[in-house]
Amino acid sequence: MKMVRPQYKQPPNIVQFITSIQMTDHDIKNYLEKIYKIPVAHIRSEIVEGELKRVQRKGYVVKGDDFRRAFVTLAGDEKFEFPDVTSKKSEQEESDYKKLQTQSEESYKKYKDRNKNHSNLPGWFSV
Amino acid sequence: MAFNLTKYAVGIIGKFKSTSLANSYIFSPNTQNIPSSSGKCFSSQVTKNLMEFFDSEENWTKGEVKVGRSWKKEELRIKSNEDLHKLWYVLLKEKNMLLTMEHEYKQCYESFPSPERIDKVKESMFNLEDVVRERNKAYWLLETGQTGERPGKVVNNQLGLRYFYKMNEHIIPKASNNKWWKNRKFGFNNKECDRFLSFYREKIFLEKRKARNRDKNHVLGLLKRFPDMDINVLKEQYPHLNIDGLRMSRKSDPHLVPS
């Protein structure tokens, strides 16, 4: 069972899950209430067929796994907003990349400074 | 799949510890009870519980999350049933968390850090279930003389290949269960299957023969290069080959200058 970001905009008290096909609505309710202690008012679920995809340059068709999509309505006044997991990661990665870039630029500058007076000599000569 | 396993584990451990686990839920008693759907409750608590589907926030930006290895069977065998029961739910929650995170990263076209965590958790759960099954078997054998496992048998499928069929209970007796007779896919009785099987067996035979010839030529080369080799070691390593026969072969003659 995994929680997924809703494909279309949902009311704030609805959370979307993907579960195995075998689970019924009662199963999902018990699962959430007993294992995760989440109060559930209502559950609506449907079986989704896996996507059919044609493999590039091979021509045959591959089918993805079927799954059950469940829309869970939280009881009471509960609300849940799906957190933004990945945006910070891309920022972090960008800053890391910039750091690397500046580092390599600096090291190249150092290398050039070191070899100022060694014209017509290989780069390892000054090391 | 996960759900079926859960049910199985609960059923077995319930036999051992029926009293202590019946009223209190899976985890330690300091967690809050479920608020009834009519009464109000702390919204922060529910959000917190829902956030168990996500990794801790410090791991969101990391490119690699360092974790230990999976649980081994030897380690699980020395744990009590209660501990195993708790550990199962810890692992189940961890698996759900990892699946959620993997899905979300995939949706956002980002790389999921340390995907091997899922395999580790799955291996731990597999080992745990095996240990529980061992205990269940021992208990059943002691009490009833039977293993208590789900019965099954080896049958042929429609292609004529053998597989393990797991039997299950039916409400309607077999003789009058038309649906079962219609859906059962055992046995094969046509020319195409025979043709397929002959080709299939030929393929297996050729693979085996190739492997045997490869070994044979390897041993011949060894005998050629090292004529004073320990023959007993060779015989031990290649029990399916006739080493004495190979030694007599002209191909195993060493590179010696003829005198």
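Reading the values: the criteria
Residues numbered from 1 in each chain as written. Chains lettered and ligands numbered in written order. Predicted model: local features only at pLDDT ≥ 70, side-chain atom pairs only at ≥ 80, totals over all residues. Heavy atoms only, no water. UniProt positions renumbered as here; feature names shortened; annotations may be inferred. Helix = DSSP H or I, 4+ residues; strand = E, 2+ residues; numbered from the N terminus. Contact = heavy atoms within 4.5 Å. Areas by Shrake-Rupley, 256 points an atom, 1.4 Å probe, with all protein chains shown as cover. Polar contact = N/O pair within 3.5 Å; in protein donor to acceptor, adjacent residues only side chain to side chain. Patch = residues over 30% accessible without salt bridge, like charges linked within 9 Å, V, L, I, M, F, W, Y side chains within 5 Å. Salt bridge = Lys/Arg side-chain N within 4 Å of Asp/Glu carboxyl O. Lys, Arg positive; Asp, Glu negative; His and termini not counted. Charge placed at Lys NZ, Arg CZ, Asp CG, Glu CD. Buried area = accessible area lost by both parts, 1.4 Å probe. Nonpolar A, V, L, I, M, F, W, Y, C, P; charged D, E, K, R; others polar. Axes fitted to C-alpha atoms, helices over the stretch in contact; angles between N-to-C directions. Parallel < 35°, antiparallel > 145°, perpendicular 65-115°, else oblique. Left-handed = near helix turned anticlockwise from the far one by under 90°. Buried < 20%, exposed > 50% of the residue type's maximum accessible area, 1.4 Å probe, protein only. Phe/Tyr/Trp six-rings, centres within 6.5 Å; stacked < 30°, edge-to-face > 60°. Lys NZ or Arg CZ within 6 Å of the ring centre and 35° of its normal.

For chain B, the name recorded in an unreviewed UniProt entry is Large ribosomal subunit protein uL29m, with Nezara viridula as its organism. One UniProt comment on chain B, placed under Sequence similarities (unreviewed entry), says "Belongs to the universal ribosomal protein uL29 family."

Per an unreviewed UniProt entry, the recorded name for chain A is Large ribosomal subunit protein uL23m, and the organism is Nezara viridula. The UniProt entry for chain A carries the following text under Sequence similarities (unreviewed entry): "Belongs to the universal ribosomal protein uL23 family."

**Student:** Before we go on, may I ask you to explain the overall build of chain B in this structure?
**Tutor:** In terms of regular secondary structure, chain B is built from 10 helices and two strands. The helix and strand sequence of chain B, counted from the amino end, reads α-α-α-α-α-α-β-β-α-α-α-α. Long-range contacts, defined here as pairs at least 24 residues apart, represent 62% of the contacts in chain B between residues at least 6 apart. Put simply, chain B shows about 18,400 Å² of open surface, and 53% of that area lies on carbon and sulfur atoms.

**Student:** What is the right way to read the side chain of B:Asn96 from this model?
**Tutor:** Relative to the helices and strands, B:Asn96 is located in helix 5 (residues 81–107). Looking at B:Asn96, its side chain comes within polar contact range of the side chain of A:Tyr31, at 2.9 Å. Excluding its chain neighbours within four sequence positions, the residues that come into contact with B:Asn96 are A:Met1, A:Lys2, A:Tyr31, A:Tyr36 and B:Phe53.

**Student:** So what exactly am I meant to see when it comes to a positive patch on the surface here?
**Tutor:** Taken together, the side chains of B:Arg209, B:Lys210, B:Arg212, B:Arg214, B:Lys216, B:Lys224, B:Arg250 and B:Lys251 make up a positively charged region of the molecular surface. Along the chain, B:Arg212 falls in helix 8 (residues 191–225).

**Student:** Please clarify how the interface of chain B and chain A should be interpreted in this entry.
**Tutor:** By a frequent convention, interface size equals the accessible area lost on bringing the separate parts together. Taken together, the contact between chain B and chain A spans 39 residues of the former and 37 residues of the latter. Taking both partners together, chain B and chain A bury about 3,600 Å²; carbon and sulfur atoms supply 65% of that area. Among the salt bridges present, the one from B:Glu57 reaches A:Lys88, with a minimum N-O distance of 3.3 Å. The tally of links from chain B across to chain A stands at 10 residue pairs in polar contact (both at pLDDT 80 or more). Broken down by secondary-structure element, the contributors of at least two residues to the side of chain B that touches chain A are helix 3 (43–50) and helix 5 of chain B. The leading source of residues in the side of chain B that touches chain A is helix 5 of chain B, at 10 residues. When grouped by side-chain class, the residues that make up the side of chain B that touches chain A number 21 nonpolar, 11 polar and seven charged.

**Student:** Help me out: how do you make sense of the packing of helix 5 of chain B against helix 6 (residues 116–143) of chain B in this one?
**Tutor:** Two measures define how a pair of helices packs: the angle their axes make with one another and the distance between the axes. All names here are of chain B. One way to put it is that helix 5 packs onto helix 6 with a least axis distance of 10 Å and a crossing angle of 155 degrees. With respect to each other, helix 5 and helix 6 are oriented roughly antiparallel. Both helix 5 and helix 6 take part in a crossing whose hand is left-handed. Listed contacts from helix 6 to Asn81, Leu84, Leu87, Trp88, Leu91, Leu92, Glu94, Lys95, Leu98, Leu99 and Glu102 of helix 5 are Arg117, Ile118, Val121, Lys122, Ser124, Met125, Leu128, Glu129, Val131, Val132 and Arg135. Counted by class, the contact of helix 5 with helix 6 contains 13 nonpolar, two polar and seven charged residues.

**Student:** Sorry, what's going on with the pattern of salt bridges here?
**Tutor:** Once their charged atoms are close, side chains differing in charge can pair, the charge on each being opposite to the other. Residue and element names in this part refer to chain A. According to the stated counting rule, one finds 14 salt bridges over all chains in the structure shown. Residue aspartate 66 is joined to lysine 63 by a salt bridge in which the shortest nitrogen-to-oxygen separation is 2.5 Å. Residue classification places aspartate 66 among the partly exposed positions, given a relative accessible area of 32%. The salt bridge partner of glutamate 93 is lysine 89, with a shortest N-O separation of 3.8 Å. Of this pair, glutamate 93 and lysine 89 are both found in helix 2 (residues 87–114), four residues apart, which corresponds to roughly one turn of the helix. Note on lysine 89: relative accessible area 1%, which makes it buried.

**Student:** Could you clarify how one ought to interpret a negative patch on the surface in this entry?
**Tutor:** Residue and element names in this part refer to chain B. There is a patch of like negative charges on the surface, built from Glu64, Glu116, Asp119 and Glu123. Structurally, aspartate 119 is set in helix 6. Among the residues examined, aspartate 119 registers a relative accessible area of 53% and is labelled exposed.

**Student:** Looking at this structure, I do not really get the packing of aromatic side chains. What am I missing?
**Tutor:** We describe a pair of aromatic rings using the distance from one ring centre to the other and the angle between the two ring planes. For the structure on display, the rule yields 10 aromatic pairs over all chains. Between A:Tyr36 and B:Phe53, the ring centres sit 4.3 Å apart and the planes meet at 20 degrees, which makes this aromatic pair stacked. In this pair, A:Tyr36 is assigned in the loop between helix 1 (25–35) and strand 3 (40–48) and B:Phe53 in the loop between helix 3 and helix 4 (73–77), connecting two distinct chains. Taken individually, A:Tyr36 and B:Phe53 each receive the classification buried, so the pair is uniform in this respect. Summarising the aromatic geometry, the rings of A:Tyr108 and A:Tyr111 are spaced 6.2 Å apart at their centres and angled 25 degrees between planes, so their arrangement reads as stacked. Of this pair, A:Tyr108 and A:Tyr111 both sit in helix 2, three residues apart, which is roughly one turn of the helix. Overall, A:Tyr111 belongs to the partly exposed group, its relative accessible area being 36%. Joined through ring pairs, the aromatic side chains of A:Phe17, A:Tyr31, A:Tyr36 and B:Phe53 make up one cluster. A cation over a ring is seen here: B:Lys93 above A:Tyr36, with NZ or CZ 5.2 Å from the ring centre.

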